[in-house]
Amino acid sequence: MRIVVTGGAGFIGSNFVTATVRDRPDVEVTVLDALTYAGSRKSLSAVEDRIRFVQGDIANAALADQLVANSDMVVNFAAESHNDNSLVDPWPFVQTNIVGTYTLLQSVRRHGVRYHHVSTDEVYGDLELDDPKKFTEQTPYNPSSPYSSTKAASDMLVRAWIRSFGVQATLSNCSNNYGPRQHIEKFIPRQITNILTGVRPKLYGGGTNVRDWIHVDDHNAAVWRIIESGQIGRTYLIGANGELDNLSVIRIILELMGRDPEDFDYVADRVGHDLRYAIDSSSLSGELGWYPRYTNFREGLQATIDWYHNNRGWWENEKDAVEARYQAQGA
Ligand code: NAD
Ligand code: TDX
């Protein structure tokens, strides 16, 4: 199988490419990535001699078309992915998440190539903290932020291209990922690298917001399961029953790193901050037999802390600039 992995130099994409090269010698991988601030060739260094890397934009129709024409499958991880950035400047989100997805869809349509769309549970909006409900494939879309609304729009394009043009596609909507090579602007790596550089961790608002954590390798194993056995036209929800409030997560990180669990700062809350995400992934488990392997969050988190500790060269140069941007926002 010849597969084009867009956004393959980002967090989830680079873990997907690394696992694919390791486990599936019959798969030929081409990465298409624009190398925005969030992408890095360093994230692919372990596999660079086993893949083809093309630097470029998914919204570049000629380039996308050329790569898609010579492939059997496109998995689209490319996106602008950070909510806080989308509140400062939404335009790159519209361009990459919507126009970029449109461009890929036109290419796979033209060449009859199979497509998998990687998306987020944030398209469903948020749940009340005390609501026993979780998101299912039937939950109505109700995105809150510029980021999640552009992801919702991209999902809608995929669904329309399936129905109107017979595009052979599947979609997945996953909860919050953690693991190695996540950009240090995101919650968990920001706090780990704060502690490693002597900065106090920063908690938005009261820290009661709940996220449903899943290890990135579990997400990617589910994506492969859907590629191989998913039903064309279907959406699958991916989650690992990992609900935790942010206050608990920050305290666990401090404790695992040998610090006082109260040694953090409360900072300004995110505008429009979604309260709670929770995924019901029973259809993925029931129909495709996928189950998460990382069921112990503290163990997965400890391995992630170790990764940031042992790979300072991957993130150190960017740390001051990321914190300066947050400081300007009061966060
Ligand atoms: P990331 O920001 O770490 O990586 C995104 C990658 O896409 C980067 O390598 C970047 O250079 C590349 N990219 C951005 N714009 C591009 C463009 N126009 N053309 C080509 N490449 C471009 O993001 P991530 O956390 O790895 O997320 C990957 C996907 O998974 C996204 O679609 C995101 O919405 C989705 N997702 C993420 C999470 C999460 O917790 N991180 C959860 C569910 C779904
Ligand atoms: O410093 C921080 N302090 C803090 O309390 C940061 C950066 C975040 N937070 C809070 C906000 C959220 O409630 O932590 C939670 C997680 O924040 P993010 O890591 O920014 O993730 P989130 O906004 O939940 O979105 C993530 O999961 C879904 C990914 O970034 C998205 O790409 C994905 O779609």
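Our structure's up above, just so we're on the same page.
The sections below set out a description of the structure shown in this document. Worth saying up front: this structure is predicted, and the values here are computed from it rather than measured. (Residues numbered from 1 in each chain as written. Chains lettered and ligands numbered in written order. Predicted model: local features only at pLDDT ≥ 70, side-chain atom pairs only at ≥ 80, totals over all residues. Heavy atoms only, no water.)

## Section: the site of ligand 1
Working step 1: The environment of ligand 1 is made up of 28 residues, and the closest members are I12, D33, S81, Y147 and K151.
Working step 2: One nitrogen or oxygen atom from the side chain of S81 is found 2.7 Å from an oxygen atom belonging to ligand 1.
Working step 3: Between ligand 1 and V118 there is a distance of 3.5 Å, counted from an oxygen atom to a backbone nitrogen or oxygen.
Working step 4: Expressed as a share of its isolated accessible area of 840 Å², the protein-covered part of ligand 1 is 96%.
Working step 5: Counting residues per element, the ones that place at least two in the shell around ligand 1 are α1 (11-23), β5 (114-120) and α5 (146-165). (Near = heavy atom within 4 Å. Polar contact = N/O pair within 3.5 Å; in protein donor to acceptor, adjacent residues only side chain to side chain. Areas by Shrake-Rupley, 256 points an atom, 1.4 Å probe, with all protein chains shown as cover. Helix = DSSP H or I, 4+ residues; strand = E, 2+ residues; numbered from the N terminus.)

## Notes on the side chain of T103
Working step 1: Within the fold, T103 resides in helix α4 (residues 91-111).
Working step 2: For T103, a relative accessible area of 8% puts it in the buried group.
Working step 3: Those residues in contact with T103 that sit more than four places away from it in its chain are I58, A59, N60, A61 and A64. (Buried < 20%, exposed > 50% of the residue type's maximum accessible area, 1.4 Å probe, protein only. Contact = heavy atoms within 4.5 Å.)

## Details of the sheet that holds strand β6 (residues 169-174)
Working step 1: One open sheet holds the seven strands; their spatial order is β3-β2-β1-β4-β5-β6-β11, and the pairing between them is parallel. Strand pairing shows two members of the sheet lacking a second neighbour, β3 (52-55) and β11 (235-238), which therefore form its edges. Sheet twist, expressed as the mean angle between neighbouring strand axes with direction ignored, is 20°.
Working step 2: As judged from the five bridges shared by strand β1 (residues 2-6) and strand β2 (residues 28-33), these two strands associate in the parallel manner. Within β2, the residue paired with R2 across the bridge is E28.
Working step 3: Relative to β2, α1 is tilted by about 170°, and along the sheet it contacts β1, β2 and β4 (73-76).
Working step 4: Here helix α7 (residues 216-229) sits on the sheet in contact with β1, β4, β5, β6 and β11, set at roughly 145° to β5. (Pairing = 2+ DSSP bridges. Axes fitted to C-alpha atoms, helices over the stretch in contact; angles between N-to-C directions.)

## Considerations on the pattern of salt bridges
Working step 1: Counted by the stated rule, this structure contains 17 salt bridges.
Working step 2: Residue R270 is joined to D84 by a salt bridge in which the shortest nitrogen-to-oxygen separation is 2.7 Å. Of this pair, R270 sits in the loop between β13 (265-267) and α9 (282-288) while D84 sits in helix α3 (residues 83-88), and the two are 186 residues apart along the sequence. You'll find R270 and D84 in the same group, each marked buried.
Working step 3: Here R200 ties to D265 by a salt bridge, and the two come within 2.6 Å at their closest N and O atoms. On the criterion of sequence distance, the pair formed by R200 in the loop between α6 (187-196) and β8 (202-204) and D265 in strand β13 is long-range, its members being 65 residues apart.
Working step 4: Taking the relative accessible area as the measure of exposure, D265 reaches 22% and is therefore partly exposed. (Salt bridge = Lys/Arg side-chain N within 4 Å of Asp/Glu carboxyl O.)

## Some thoughts on the nonpolar core
Working step 1: Counting residues in hydrophobic clusters, the biggest one holds 30 residues, and the most contacted among them are I3, F16, V17, V29, V75 and I238.
Working step 2: Elements represented by at least two residues in this core include exactly β1, α1, β2, β4, α7, β11 and α9.
Working step 3: For this core, the element with the most residues is α7, which contributes five residues.
Working step 4: Formed by 28 residues, the second largest nonpolar core is a distinct cluster that contains W213, V267, I305 and A331. (Core = buried A, V, L, I, M, F, W, Y, C linked by side-chain atoms within 4.5 Å.)

## Observations regarding unusual backbone geometry
For residues other than glycine, phi is negative in most cases, and the peptide bonds are mostly trans.
Working step 1: Phi is positive for R181, close to 70°, though the residue is something other than glycine.
Working step 2: Counting through the fold element by element, R181 comes out in the loop between β7 (177-178) and α6.
Working step 3: A positive phi angle is found at N241, which is not glycine, with a value near 50°.
Working step 4: On the secondary structure map, N241 appears in the loop between β11 and β12 (243-245).
Working step 5: A residue is classified by how much of its surface remains accessible, and N241, at 59% relative accessible area, is exposed.

## Here we look at the packing of helix α10 (residues 297-310) against helix α11 (residues 312-328)
Working step 1: Contact geometry for α10 and α11: axes closest at 6 Å, N-to-C directions at 75°. Taken together, the axes of α10 and α11 are roughly perpendicular relative to one another. Here α10 contributes W307, Y308, H309 and N310 to the contact with α11, which in turn contributes R312, W314 and W315.
Working step 2: When grouped by side-chain class, the residues that make up the contact of α10 with α11 number four nonpolar, two polar and one charged. (Parallel < 35°, antiparallel > 145°, perpendicular 65-115°, else oblique. Nonpolar A, V, L, I, M, F, W, Y, C, P; charged D, E, K, R; others polar.)

## Remarks on the layout of surface pockets
Working step 1: By volume, the second largest pocket amounts to about 440 Å³.
Working step 2: Along its surface, the second largest pocket is lined by 23 residues, and A19, R22, D23, D217 and A221 are the ones closest to its centre.
Working step 3: Those elements that provide at least two residues to the lining of the second largest pocket are α1 and α7. (1 Å grid on protein atoms, 1.4 Å probe; cavity = no way out; pocket = protein on both sides within 12 Å on 5 of 7 lines; lining within 4 Å. Points joined across faces, edges and corners; volume = space filled by probe spheres on them.)

## A few points about the site of ligand 2
Working step 1: Around ligand 2 sit 22 residues in total, of which T120, E122, Y147, R270 and H273 are the nearest.
Working step 2: Between ligand 2 and S81 there is a distance of 2.8 Å, counted from an oxygen atom to a backbone nitrogen or oxygen.
Working step 3: Note that an oxygen atom of ligand 2 is positioned 2.7 Å from one of the side-chain N or O atoms of T120.
Working step 4: Summarising the interface, the protein chains cover 94% of the accessible area of ligand 2, which totals 660 Å² for the free molecule.
Working step 5: Class assignment of the residues belonging to the shell around ligand 2 gives a composition of six nonpolar, nine polar and seven charged.

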